[in-house]
Amino acid sequence: MSLVDDWEDLNRVLISPSLLSADPARVIDGVRLAEEAGADLLHIDVMDGHFVPNLSFGPELVRKLREETQLNLEIHLMVDNPADIIPLFADAGADIIAFHREASPHCHRLLEEIRHLGARSGIAYNPGQSLEDLRLVCDVVDEVVIMGVNPGSSGARFIPGTFERVQRVAQIIEDRNVRICVDGGVDLDNAALLRDCGANLLVSGSCFFSAADAPAAIRTLRGS
Ligand code: DX5
Ligand code: ZN
């Protein structure tokens, strides 16, 4: 897909399978499944063992996947000190890099830096994080990631307050060209309501990778 064309068309809902739910010994099989099923992006979770207890993927995987796939690579940094590693992921070929609001007091500067490094900029909010300062960075952000779960693993329980938070983000960003992403707990039952609330990029981990019919799962998540 052309990220430029599809990203800008906010009426098109993008689906981003999360490789955290793929078989860790066969990540490339997960990539091929996402490609063949019609996914738009690949969601790559980066955890440092501090911001969240878990550990996961690093920039060398991203560099390798950049060679292996045409899918856009969406990096979700669940790390303390994101400024230290953002350049590594940009250099590895990331298309979108999102870090957590909770992890940086310098989020405006970091969002600008991500764009300067040639990627699209994203900011993620945990379920317990206020959204009200989002308006201060609206003009330097390309993607707002609303966590539907407390981060750190696949298959966690979806938090229903997420619907209202997506609506609030839609109010704050108004008509700006910013994607609203929901990550965590997205499934075939809640996707339609999330889209109705304003989400136009849905991450899917356990739902996608456990689906008996992966292309059908993508279609249902996308709503078309
Ligand atoms: C959660 C991660 C998610 C996770 C989603 O901390 O950021 O990307 O892989 O998995 P599901 O869809 O199973 O909640
Ligand atoms: Zn994620």
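Residues numbered from 1 in each chain as written. Chains lettered and ligands numbered in written order. Predicted model: local features only at pLDDT ≥ 70, side-chain atom pairs only at ≥ 80, totals over all residues. Heavy atoms only, no water.

### Thoughts on the pairing of strand β2 (residues 41-47)
To keep things clear, this is the line we draw: Exposure is judged per residue with a 1.4 Å probe applied to protein chains only, and the accessible area is read against the type maximum: over 50% gives exposed, under 20% gives buried, and values in between give partly exposed. Each helix corresponds to a stretch of at least 4 residues labelled H or I by DSSP, and each strand to a stretch of at least 2 residues labelled E; elements are numbered beginning at the N terminus. Paired strands are those between which DSSP finds at least two bridges.
Of all seven residues that make up β2, seven are buried, and the element is covered over most of its length. Residues Leu41, His43, Asp45 and Met47 point to one face of β2 and Leu42, Ile44 and Val46 to the other, with burial holding for every one of them. Taken together, the seven bridges between β2 and strand β3 (residues 72-78) define a ladder with parallel strand orientation. Along β3, the bridge assignment pairs Ile44 with Ile75.

### Regarding the site of ligand 1
Put simply, the rule reads: We define proximity as follows: a residue is near a molecule or strand when any one of its heavy atoms falls within 4 Å of that partner. N or O atoms closer than or at 3.5 Å make up a polar contact, with two conditions inside protein: a donor-capable atom paired with an acceptor-capable one, and, for residues adjacent in sequence, both atoms drawn from side chains. Here, Shrake-Rupley sampling with a 1.4 Å probe gives the accessible areas, and only protein chains in the shown set may cover a residue.
Of all residues adjacent to ligand 1, which total 19 residues, the nearest are Ser18, Gly152, Gly155, Asp183 and Ser206. Contact between ligand 1 and His43: an oxygen atom at 3.2 Å from a side-chain N or O atom of the residue. Between Gly205 and ligand 1, the recorded distance is 2.9 Å, taken from a backbone N or O atom to an oxygen atom. When ligand 1 is considered free in solution it has 380 Å² of accessible area, and contact with the protein chains removes 100% of it.

### Let's talk about the packing of aromatic side chains
As a reminder, the rule being used: Classification of ring pairs uses Phe, Tyr and Trp, with its six-membered ring standing for Trp, and accepts pairs whose centres are within 6.5 Å; under 30 degrees between planes counts as stacked, over 60 as edge-to-face, and the remaining range as tilted. A positively charged side chain is recorded as over a ring if its NZ (Lys) or CZ (Arg) lies within 6 Å of the ring centre. The angle to the ring normal must also be within 35 degrees.
Evaluated as defined, the whole model comprises two aromatic pairs. Ring centres of Phe208 and Phe209 lie 4.9 Å apart, and the angle between their planes is 85 degrees; this geometry places the pair in the edge-to-face category. Residue class for Phe208 comes out buried when judged on its relative accessible area of 1%. One cation-aromatic arrangement involves Arg179 over Trp7; the distance from NZ or CZ to the ring centre is 5.6 Å.

### Here's the deal with unusual backbone geometry
With phi around 55 degrees, Asn81 is a residue other than glycine that occupies positive phi space. With respect to the element layout, Asn81 can be found in the loop between β3 and α4 (82-92). One non-glycine residue, Glu174, lies in the positive phi region at around 50 degrees.

### Let's talk about the coordination of the zinc ion (ligand 2)
To keep it simple, the criterion reads: In this analysis a donor is any N, O or S atom within 2.8 Å of a metal ion (3.2 Å for sodium, potassium and calcium), and since water is not included, sites may seem incomplete.
His43 (NE2), Asp45 (OD), His76 (ND1) and Asp183 (OD) make up the full set of protein donors to the zinc ion (ligand 2), lying at 2.0 to 2.2 Å. Every donor residue of the zinc ion (ligand 2) comes from the same chain, spaced as H-x1-D-x30-H-x106-D. With Asp45 in strand β2 and Asp183 in strand β7 (residues 179-183), this residue pair connects regions lying 138 residues apart in the sequence. In this structure Asp45 comes out as buried when scored by relative accessible area, which is 4%. Among the residues examined, Asp183 registers a relative accessible area of 7% and is labelled buried.

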